[in-house]
Amino acid sequence: MDKFVIRGGKPLSGTVSISGAKNSTLALMPAALLAGGRFHLKNTPALRDVHTMAALLRSMGVTAELQDQVLTLDTTGVNVYEAPYEHVKKMRASIYVLGPLIARFGRARVSLPGGCAWGPRPVNLHIEAMKKLGAEIDLHEGYIHARANRLTGTRVHFDVSSVGATGNTMMAAVLARGTTLIDNAAIEPEITQLAEFLVSMGAKINGVGTSRLEIQGVDELHAADIETIPDRIEAGTFLVAAALCGGTITLTNAEPAHLDAVIVKLEDAGARVTSQGRSITLVAPRTLNAVDVTANIYPGFPTDMQAQWTALMALADGTSVVTDTIYFDRFKHIPEMIRLGADIEVKDNAAIVRGARRLTGAKVMSTDLRASASLILAGLVAEGTTEVLRVYHLDRGYETIERKLRALGADIERVAGEEF
Ligand code: UD1
């Protein structure tokens, strides 16, 4: 297992190119199961989660090859309709194959994902929606067993706005007989891109980008190409890094419109942020203002940026409250940040962060993807040396983060191969 060794205290400056969005790619890849043919997904990031999804699709008979950020998928030979536990336990997004498999092949056997490092993450909404579309679903031996002749259009109202359940339901409904209405659909940019991809494959979807989707099922879809949107969480992480470390950085290949909530909060914290086309420049403030955030569904502040914001606020001038309304228990990074000298208390689903004068380096342990990112940020600004152990979490969602940070002037290295 690799670790990162960070010698903190260096300001960041320069330009960093943002990779394609992990969460978009993980939805686009299984969507290719909905038609036989050859797909090209441009701007695909070379991430561990993407390799995991590719391995899952290969186990079903898909050929998948990633070269120069272009992922070529050939779905002509799909002949296995199963997502085994061995894949799903590595990555919850494997559940995305459920809708496409039922819709196109009338059958699926998909392992239940189980919990996550920071708490329960149910898939009841996915399952209920498949049932409403007419699938017969049995849960036994840890698996979802699904069968259907042809799905039929229905009305789905999500009590909770869910990215994954919206994506899965959309992918199932595009091949159903008749019309499906999805109310309280997620409007995260990754879901909007999935809808656009499905439309380019021949699906009929009205209301793309809104919380009410009307899907007219079609008999058949065809292969298509798409360019993945920029990763708004990677972009937000670099912006927070620069605000925290000091300096001026410019992101290229980013999408400012997807980052409004994060940019406004960074400005409230004292940073100067300017956007032009696909680039965003941030000038760090001398003193960071304490700014509350509440993580919420899009276009709210992303839960996937909550841990990084906590790292920023750990050195702000004053006390701030970081609340998460999506995942109530997503605070596993806090005890590790406290080991670096942060003054943070967790109450219910909020972290009360009292800005400290300084953080000091220590060994800390990654527990999940975004927690790892927040510990790297804290390490970049801590005095002395910080070691972030178990960085494989980070490799799930950030493409060569250490190389990108080093190019901006950070002192960070990956130490490979040993068991830590
Ligand atoms: C996606 C993202 C993840 C992000 C999350 C919230 C991917 C691959 N992952 O995860 O990075 O943190 O959105 O923005 O895109 N819920 C239920 N029942 C369900 C499904 C969800 O109760 O069947 C609840 C969840 O517990 C959570 C809320 O709905 O409280 C939102 O979760 P959801 O949007 O589904 O997250 P994911 O799609 O798993």
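Scroll up for the structure.
Computed from a prediction, not measured in an experiment: that's the story for all the values here.

As for the overall build of the protein
- Helix and strand counts for the protein stand at 14 helices and 24 strands.
- Relative to the globule expectation of 22 Å for 420 residues, the C-alpha radius of gyration of the protein, 21 Å, shows essentially globular dimensions.
- Reported as C-alpha extents along the three principal axes, the dimensions of the protein are approximately 65 × 45 × 40 Å.
- The proportion of buried residues among the 420 residues of the protein is 58%.
- With an accessible surface of roughly 16,300 Å², the protein has 46% of that area assigned to carbon and sulfur atoms.

Concerning the pairing of strand β17 (residues 279–283)
- Taking burial as the measure, the five residues of β17 include four buried ones, the bulk of the element.
- Both strand β15 (residues 247–252) and β17 contribute to a ladder of four bridges, which runs antiparallel. Paired with Thr-248 across the two strands is Val-283, which belongs to β17.
- Examined bridge by bridge, strand β16 (residues 272–276) and β17 share five bridges and lie antiparallel to one another. Each residue of the ladder has a partner; that of Ser-275, found in β17, is Ile-280.
- Hairpin connection between β16 and β17: a loop of two residues separates the two successive antiparallel strands, and Gly-277 in this loop has a positive phi of roughly 55°.

Topic: the site of the ligand
- Contacts to the ligand come from 18 residues, most closely from Asn-124, Leu-125, Ser-162, Val-163 and Asp-304.
- Within the side chain of Asn-23, one N or O atom sits 3.1 Å away from an oxygen atom of the ligand.
- Between the ligand and the protein, one listed contact pairs an oxygen atom with a backbone N or O atom of Pro-122 at 3.3 Å.
- At the level of elements, α5 (124–132) and α6 (163–173) are the ones that each hand at least two residues to the shell around the ligand.
- Of all the elements, α5 adds the most residues to the shell around the ligand, at three residues.
- The residue inventory of the shell around the ligand, partitioned by class, reads eight nonpolar, seven polar and three charged.
- The residues that make up the shell around the ligand include at least three from each of domain 1 (2–19 + 230–416) and domain 2 (22–227).

Description of the pairing of strand β20 (residues 343–347)
- Direction of pairing for β20 relative to strand β21 (residues 350–354): antiparallel, over a ladder of five bridges. Bridge pairing links Glu-345 to Ile-352 in β21.
- With antiparallel pairing between neighbouring strands as the criterion, β20 and β21 make up a hairpin whose turn holds two residues, including Asp-348 at a positive phi of roughly 50°.

Considerations on the sheet that holds β16
- Pairing in this open sheet of four strands is mixed, and the strands run β2-β15-β17-β16 from one edge to the other. For this open sheet the edge positions go to β2 (12–17) and β16, each flanked by a neighbour on one side alone. Along the sheet, successive strands turn relative to each other by an average axial angle of 10°, direction set aside.
- Set on the sheet, helix α8 (residues 232–245) makes contact with β2, β15 and β17; between it and β15 the angle comes to about 170°.
- Of the strands in this sheet, β16 and β17 are in contact with helix α9 (residues 260–268), which crosses β16 at around 145°.

Scoring rules and cut-offs
- Residues numbered from 1 in each chain as written.
- Predicted model: local features only at pLDDT ≥ 70, side-chain atom pairs only at ≥ 80, totals over all residues.
- Heavy atoms only, no water.
- Helix = DSSP H or I, 4+ residues; strand = E, 2+ residues; numbered from the N terminus.
- Rg over C-alpha atoms; globule rule 2.2 N^0.38 Å.
- Buried < 20%, exposed > 50% of the residue type's maximum accessible area, 1.4 Å probe, protein only.
- Areas by Shrake-Rupley, 256 points an atom, 1.4 Å probe, with all protein chains shown as cover.
- Pairing = 2+ DSSP bridges.
- Near = heavy atom within 4 Å.
- Polar contact = N/O pair within 3.5 Å; in protein donor to acceptor, adjacent residues only side chain to side chain.
- Nonpolar A, V, L, I, M, F, W, Y, C, P; charged D, E, K, R; others polar.
- Domains from an automatic or database assignment.
- Axes fitted to C-alpha atoms, helices over the stretch in contact; angles between N-to-C directions.
- Contact = heavy atoms within 4.5 Å.

By themselves, these observations are geometric and do not establish any function.
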